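Secondary and tertiary structure notes
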Amino acid sequence: MVTSPAPERIVIATRESRLALWQAEHVKALLEGLYPQTRVELLGMTTRGDQILDRALSKVGGKGLFVKELETALLDGRADIAVHSMKDVPAELTDPFCIAAILEREIPLDAFVSNKYASLDELPPGAVVGTSSLRREAQIHAQYPYLGVTPLRGNLDTRLRKLDEGQYDAIVLAAAGLKRLGLGERIRGTLPAEVSLPAAGQGALAIEAIAARADVRAWLAPLVDRSATACVLAERAVTKALGGGCEVPIGAYAQIADGELFLRGFVALPDGSRFVRAELRGAPADAEAIGLRVAEALRAQGAAEILSQLSTH
């Protein structure tokens, strides 16, 4: 509990998918624990990203589609904060918004889910893997060129239903979402970072606010997780420097061990035919600088050519 002046009321803007609501309820419970006198309310909203289910996100404007409506609620004062999956937040946040807090991180790795097979290695040639992510698609193509990869949209329950109906032999999704919704038993295995390097911010929860609202930032300060924040800042620095969104197969993953931050990143073509990788270690306090240096190392290996090739498609 916090002794500083508690707000009377905090309104949280959230998407209405089951996972988004779980995340908002989680933040609500944390805030109620800190400020027992405060009324914490949810403002549920449907975003463009939730409405467009027949096309790949990369074709219709990317991750920002999941945050725009929530940001409007922050701007017009209907909400004080918005809760997002960090990996849905565009690398470049426009004024007047800021990420006011990054919370403790759930497992950041990708999960392999299948009713018939235990791992990617077990899948026979021609088996179909579903994923919503060009990043996962590129890595699967590069390492398992004999597998088919097809787009998979919809919320978590929809994706699992499509797998259960036999539309896919396996699907790959973020392990964090499955675990948060109590669906951890569906995970046949988590894919090590060497097989599927996660997206920047994967598994982390972000709380967005209006940057000028110092009161909101003070309320949220006790929820900030320092090591998750350093890792996510390093990862997002890579994608921001390279101009990558979900339209680009780009991965960035940082871990802290023994006081040292270890960051890995890659850029690839969706078919896995071109792949550049870089990694760097350093102090967590230098997280963003480490991210920029990894982005530079990727550029030196031809990342810019890969990205310009993608932008002409």
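Residues numbered from 1 in each chain as written. Predicted model: local features only at pLDDT ≥ 70, side-chain atom pairs only at ≥ 80, totals over all residues. Heavy atoms only, no water.

As for the pattern of salt bridges
Counted under the stated rule, the structure contains 19 salt bridges. Across the pair lysine 28 and glutamate 32 runs a salt bridge whose closest N-O atoms are separated by 2.9 Å. Here the residue lysine 28 and the residue glutamate 32 both occupy positions in helix α1 (residues 18–34), the gap between them amounting to four residues, near one helical turn. Residue classification places lysine 28 among the buried residues on the basis of a relative accessible area of 18%. (Salt bridge = Lys/Arg side-chain N within 4 Å of Asp/Glu carboxyl O. Helix = DSSP H or I, 4+ residues; strand = E, 2+ residues; numbered from the N terminus. Buried < 20%, exposed > 50% of the residue type's maximum accessible area, 1.4 Å probe, protein only.)

With respect to the environment of proline 5
Tracing the sequence through the fold places proline 5 in the segment before β1 (9–15). Taking the relative accessible area as the measure of exposure, proline 5 reaches 72% and is therefore exposed. With 259 residues separating them along the chain, proline 5 and arginine 264 place their C-alpha atoms 41 Å apart.

Here we look at the packing of aromatic side chains
For the coordinates displayed, the defined rule picks out two aromatic pairs. Where tyrosine 144 meets tyrosine 146, the ring centres are 6.3 Å apart and the plane angle is 80 degrees; that geometry is what we call edge-to-face. Overall, the relative accessible area of 37% leaves tyrosine 146 in the partly exposed class. Consider the rings of phenylalanine 266 and phenylalanine 275, whose centres lie 4.9 Å apart with planes at 20 degrees: the pair is stacked. (Phe/Tyr/Trp six-rings, centres within 6.5 Å; stacked < 30°, edge-to-face > 60°.)

A short note on helix α4 (residues 68–75)
Looking at α4, one finds that the buried residues are Leu70, Glu71, Ala73 and Leu74. All buried residues of α4 fall inside an arc of 155 degrees around its axis, so they share one side. Contact partners of the buried residues in α4: β1, β2 (39–45), β3 (81–85), β4 (97–102) and β10 (205–210). Looking at the residues trailing α4, positive phi occurs at glycine 77, about 85 degrees. (Arc of directions from axis to C-beta. Contact = heavy atoms within 4.5 Å.)

Some words on the pairing of β4
Where burial is concerned, most of β4 is hidden: five out of the six residues are buried. Sheet topology places β4 next to β10; five bridges connect them, and they run antiparallel. Of the residues in β10, the one forming a bridge with alanine 101 is isoleucine 207. (Pairing = 2+ DSSP bridges.)

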